[in-house]
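Structural overview for review
This is what each chain is made of:
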Amino acid sequence: MNKAQNPFTHTYGSAGQAYINMGWERKAIDNFSYDIPSEYVYKITGVRGSGKTVVLSDIIRYYREKEQVDKGWIVYDLSSARDPLHTLVAYLADEKFAGGGKRLSGINIGASMGVVNGSISTGKSDKYYDDEVELDKLIDKAVAKGKRILICIDDIAKTDAVVAFCSVYAKYIRAGKPVYFICTGLFSNMESLGRVRNLTFFRRADYIEVTALSDVSITAKYRKLLNVDMEEARRLAKLTKGYAYAYQVLGSLYFNKEKSYALADLIDDYDEILFSQSYEKIWEELTEGERNLVKILIDYKKREDILAHMEKPKNYSEYRSSLIKGGIVMEVRRGEVDFCLPHFEEYVRYFCL
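Owing to the predicted nature of the structure, the values given are computational and were not obtained by experimental measurement. (Residues numbered from 1 in each chain as written. Predicted model: local features only at pLDDT ≥ 70, side-chain atom pairs only at ≥ 80, totals over all residues. Heavy atoms only, no water.)

Let's talk about helix H2 (residues 52–63)
- In a regular helix each residue adds 1.5 Å, so twelve residues correspond to 16 Å; H2 covers 17 Å between its end C-alpha atoms and thus fits that length.
- With respect to burial, H2 is a largely interior element, nine of its twelve residues being buried.
- For H2, the set of buried residues is Lys-52, Thr-53, Val-54, Val-55, Leu-56, Asp-58, Ile-59, Ile-60 and Tyr-63.
- On its buried face, H2 is in contact with helix H1 (26–32), strand E1 (41–45), helix H3 (66–70), strand E2 (73–79), strand E3 (148–154) and strand E4 (179–185). (Helix = DSSP H or I, 4+ residues; strand = E, 2+ residues; numbered from the N terminus. Expected span 1.5 Å × (residues − 1). Buried < 20%, exposed > 50% of the residue type's maximum accessible area, 1.4 Å probe, protein only. Contact = heavy atoms within 4.5 Å.)

Below, the structure written as structure tokens:
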């Protein structure tokens with residue numbers, strides 16, 4: 001007889017059967033349900049492993065359901081690693097309302113393939129082809145057909161191509177076109193992109209903050225999926241601190257453990273996975289000032305003690321704020337902070353000092 005399938009997953013962007021829906025996606029969905037939404041753009045932020053991509057996937061899945069498609073919604077899931085503007089043009093040009101034929105620039109094709117005077121063309125002189133001009137025409141065709149367009153980009157960061165896309169997108173907001181934009185990313189990357197001079201709309205766009213999962217919900221899921229009593233489920237839930245990736249990792253380890261193993265026997269493997277698959281990347285992405293503050297926080301949590309051990313105390317508020325917004329630490333009481341992530345303190349103590 002086959003062993004039951006593990007309901008927990010380590011797969012990026014997927015929560016599997018163990019998914020806990022905290023309703024974060026409703027903020028965007030509810031707003032976009034109005035004929036004239038109050039917001040056109042949402043930025044989904046949270047620490048790596050918090051479930052930002054899962055929330056975005058929920059939104060994409062919702063708008064690709066038949067009911068929403070029948071209402072005119074079309075969704076384009078673009079990659080931030082490529083050229084979002086060029087890709088969006090290609091997707092729109094392939095729609096029936098646009099004629100169903102891809103319009104490609106011979107210049108771009110030739111450059112990418114090392115071909116002089118590329119043979120693939122728009123049918124008009126490449127000298128006059130421009131993605132922005134082409135996109136304007138395609139957007140107008142979509143709107144004329146009653147379409148509402150949702151553009152999504154996962155793990156956004158400031159690149160020349162992304163800046164160019166956002167610069168073009170801004171004018172659709174000004175014109176009141178039914179073209180909406182949702183992206184995920186680290187708070188620091190969002191801030192960096194928002195500082196670009198002509199991207200005021202992005203800096204002011206509303207946030208959807210993906211924070212800790214509900215302790216009650218984690219406990220309930222562990223009881224159901226792991227078939228354990230309330231006491232054991234509570235012990236497991238406390239070990240995760242609500243961190244989505246930790247919830248999946250610990251659940252998976254417990255599901256696969258030998259019957260003779262106790263919870264304590266899983267902690268080494270739990271730490272190894274968290275440290276190598278999540279915390280190394282989180283640490284790598286912190287600034288030097290943030291790292292120095294984190295090192296102090298291992299031993300001191302109160303403001304007065306932290307300031308006494310900082311080389312430049314005047315920077316405390318800035319670094320503290322960025323660590324809180326980045327989902328690394330939280331304020332537990334006035335003037336006192338602590339780590340949000342399970343065993344992150346141990347990771348820093350043993351691997352980063």
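Structural notes on the side chain of Asp-58
- In this fold, Asp-58 is placed in helix H2.
- Of note is the side chain of Asp-58, whose polar atom sits 2.5 Å from the side chain of Arg-61.
- The contact partners of Asp-58, leaving out residues within four places of it in the chain, are Tyr-19, Asn-21 and Glu-25. (Polar contact = N/O pair within 3.5 Å; in protein donor to acceptor, adjacent residues only side chain to side chain.)

Overview of the state of the cysteines
- Using the criterion set out here, one finds zero disulfides in the structure.
- For Cys-340, which is in no disulfide, the shortest distance to another cysteine sulfur is to Cys-352 and amounts to 17 Å.
- Looking at Cys-352, the relative accessible area reads 11%, which means it is buried. (Disulfide = S-S within 2.5 Å.)

Side note on the sheet that holds strand E5 (residues 206–209)
- Strand order in the open sheet made by the five strands is E2-E3-E4-E1-E5, with parallel pairing throughout. If you trace the sheet from one side to the other, it starts and ends with E2 and E5, each paired once. The mean angle between the axes of side-by-side strands here comes to 20°, regardless of whether they run parallel or antiparallel.
- Across seven bridges, the pairing between E2 and E3 is parallel. Looking at the pairing, Leu-78 lines up with Ile-153 of E3.
- Of the strands in this sheet, E1, E2, E3 and E4 are in contact with H2, which crosses E3 at around 160°. (Pairing = 2+ DSSP bridges. Axes fitted to C-alpha atoms, helices over the stretch in contact; angles between N-to-C directions.)

Quick word on the packing of aromatic side chains
- Within this structure, the stated rule accounts for 27 aromatic pairs.
- Seen from their ring centres, Phe-275 and Phe-351 are 5.8 Å apart, and the 70° between their planes marks the pair as edge-to-face. Note that Phe-275 is positioned in helix H13 (residues 267–284) and Phe-351 in helix H17 (residues 344–351), a separation of 76 residues in sequence.
- What links up through ring pairs into an aromatic cluster is the set Tyr-243, Tyr-245, Phe-275, Tyr-279, Phe-339, Phe-344, Tyr-347 and Phe-351.
- Just above the ring of Tyr-62 sits the side chain of Arg-26; from NZ or CZ to the centre is 6.0 Å.
- When the ring centre of Phe-202 is taken as reference, the NZ or CZ atom of Lys-43 above it lies at 5.0 Å. (Phe/Tyr/Trp six-rings, centres within 6.5 Å; stacked < 30°, edge-to-face > 60°. Lys NZ or Arg CZ within 6 Å of the ring centre and 35° of its normal.)

Points about the pattern of salt bridges
- Applying the stated criterion to the full structure yields 21 salt bridges.
- Between Arg-26 and Asp-30 there is a salt bridge; the shortest N-O distance is 2.6 Å. Within this pair, Arg-26 and its partner Asp-30 are both found in helix H1, separated by four residues, close to a single helical turn.
- For Arg-26, a relative accessible area of 34% puts it in the partly exposed group.
- The salt bridge partner of Glu-284 is Lys-281, with a shortest N-O separation of 3.4 Å. With Glu-284 and Lys-281 both in helix H13, this residue pair falls three residues apart, about one helical turn.
- Salt bridges here are not isolated pairs; linked through shared partners, they connect Arg-48, Asp-155, Lys-281, Glu-284 and Glu-285. (Salt bridge = Lys/Arg side-chain N within 4 Å of Asp/Glu carboxyl O.)

Everything listed here is a matter of coordinates, which is why it stays silent on function.
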